[in-house]
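Coordinate analysis (summary)
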Amino acid sequence: MFMAESYIGHKICWKGDLVVNSLWAWATGLGFSEYQGLVSSAYSVYRLYSEYQDDYLYFHYLLRSSAYDWELTVRSKGIWISRLQLTDESFLDMPIIVPPNDERKAIVRFIHHLDLKVNKLIKAKKKQIELLNEQKQAIIHKAVTRGLDPTVPLKPSGIEWLGDIPSSYQVLPLKKVCNQITDGSHIAPDRNEEIYPFVSTVDLTDGDIDFINCIRTSTTCYEYLVRTGCKPKLGDVLFSKDGSVGKTAIVSTNMDFVVASSLIIITPYLRVLNSSYLDLWLRSPKIKERVESLMHGAGLRRISVEKITRLPIAFPILDIQVDIEKHVTETLSVPNSDINRASCEIDLIKEYRNRLVSDVVTGQLDVRHLDLPEIEDTMLEAIDSAGEEEEEVNREEEM
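Cut-offs applied
- Residues numbered from 1 in each chain as written.
- Predicted model: local features only at pLDDT ≥ 70, side-chain atom pairs only at ≥ 80, totals over all residues.
- Heavy atoms only, no water.
- Helix = DSSP H or I, 4+ residues; strand = E, 2+ residues; numbered from the N terminus.
- Buried < 20%, exposed > 50% of the residue type's maximum accessible area, 1.4 Å probe, protein only.
- Polar contact = N/O pair within 3.5 Å; in protein donor to acceptor, adjacent residues only side chain to side chain.
- Arc of directions from axis to C-beta.
- Contact = heavy atoms within 4.5 Å.
- Pairing = 2+ DSSP bridges.

1. Topic: the environment of Leu 348
With respect to the element layout, Leu 348 can be found in helix α9 (residues 318-361). According to the relative accessible area criterion, Leu 348 is exposed, its value standing at 54%. C-alpha of Leu 348 to C-alpha of His 369: the two residues are 21 residues apart in sequence and 27 Å apart in space.

2. Structural notes on helix α6 (residues 275-283)
With eight of its nine residues buried, α6 lies for the most part within the structure. Buried within α6 we find Ser 275, Tyr 277, Leu 278, Asp 279, Leu 280, Trp 281, Leu 282 and Arg 283. Where α6 begins, the capping side chain belongs to Asn 274, and its oxygen is found 2.8 Å from the backbone nitrogen of Ser 276.

3. Topic: helix α7 (residues 285-294)
Looking at α7, one finds that the buried residues are Ile 287, Val 291 and Leu 294. Within α7, the buried residues cover an arc of 65 degrees as seen down the axis, which keeps them to one side. Buried residues along α7 sit against β14 (237-240), α6, α8 (305-309) and β18 (312-315).

4. Looking at the sheet that holds strand β13 (residues 215-217)
Taken together, the three strands give an open sheet; going across it, the order is β13-β10-β16, and neighbouring strands pair in mixed fashion. The open sheet has two free edges, formed respectively by β13 and β16 (258-259), since each of these has just one partner strand. Where strand β10 (residues 196-199) lies against β16, two bridges are found, and the strand directions are parallel. Paired with Val 199 across the two strands is Val 259, which belongs to β16.

Put into structure tokens, the structure is as follows:
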């Protein structure tokens with residue numbers, strides 16, 4: 001993400017070295033490197049004895065398997081789960097399973113063939129989800145820009161990228177139909193006093209807020225929002241302005257919580273604009289494209305609050321807004337159900353793969369008798385690229 005000002009104190013890492021994030025070893029924050037380079041001084045680097053170096057991939061799969069989850073967790077010490085630290089002494093004292101050389105090679109060969117099939121299947125499921133999401137976008141776009149009556153006369157919207165809209169629609173900038181448009185708390189979450197839910201971009205999913213898995217923060221963060229008049233209220237719409245720009249959610253609770261500065265809090269004038277219709281409008285393809293064109297930044301791209309206030313919204317009277325929202329909700333139920341099913345299938349495939357790998361690397365499942373060909377370099381690249389795509393998605397969500 002950025003270049004270090006100095007590499008003094010960094011550690012040299014060779015291909016086949018084990019790199020461990022001592023604070024996240026309990027959460028599989030470790031692995032054998034495929035590259036030679038430098039590692040931050042905050043990480044530990046270990047090198048196998050020469051007789052084991054050719055089979056470093058076996059140890060990679062072993063230490064990252066569910067069989068070692070508990071071992072690494074109990075050897076990591078600390079008060080908070082996010083502050084558990086694995087010391088060199090504790091790690092090096094850990095028992096390790098070392099099968100004969102030929103069995104190590106057979107295990108790695110089996111896992112490579114398994115991953116080729118698993119990644120191919122997961123890729124197909126993700127493509128299915130991608131197509132279903134495109135279908136959802138088309139449904140939303142048609143509903144908010146054309147309404148529900150295909151015979152209604154149209155008129156020019158006056159905005160080139162928006163095109164024609166129903167003749168009864170109004171077009172105004174968001175600031176003209178909203179009581180408030182502001183971003184969230186600029187105070188970093190305080191994990192030492194975990195009281196109020198701290199909602200950020202990663203906690204927004206398809207119009208909903210995940211209060212269960214979001215982190216918690218202190219009274220200081222909450223009081224900042226109250227003091228500045230930015231406390232989220234029932235009916236507000238949250239909009240992500242950096243990271244995964246464009247994610248939205250409707251506040252459907254009176255519960256007290258804190259909104260991160262990465263989110264914009266939009267309070268619609270409810271006598272004119274329905275919250276659910278506003279949420280649909282912000283999720284429509286035309287608005288997503290417009291937001292994309294207004295984003296700035298070389299690294300983490302974002303859009304400013306001021307530019308959001310000037311975004312146009314085309315809307316009918318309230319009764320029609322409610323009808324559109326009901327229609328879209330009912331129509332999206334089918335693709336949403338299909339997406340949930342495909343997502344569950346991906347989770348089950350991954351769970352099956354992890355369980356199988358754990359059984360193989362610990363010797364509970366013997367694969368020596370399987371006549372599997374050696375994996376070619378191009379096949380290994382296919383395995384690696386599939387994993388990199390998923391890591392990129394996870395990294396973006398974490399940001």
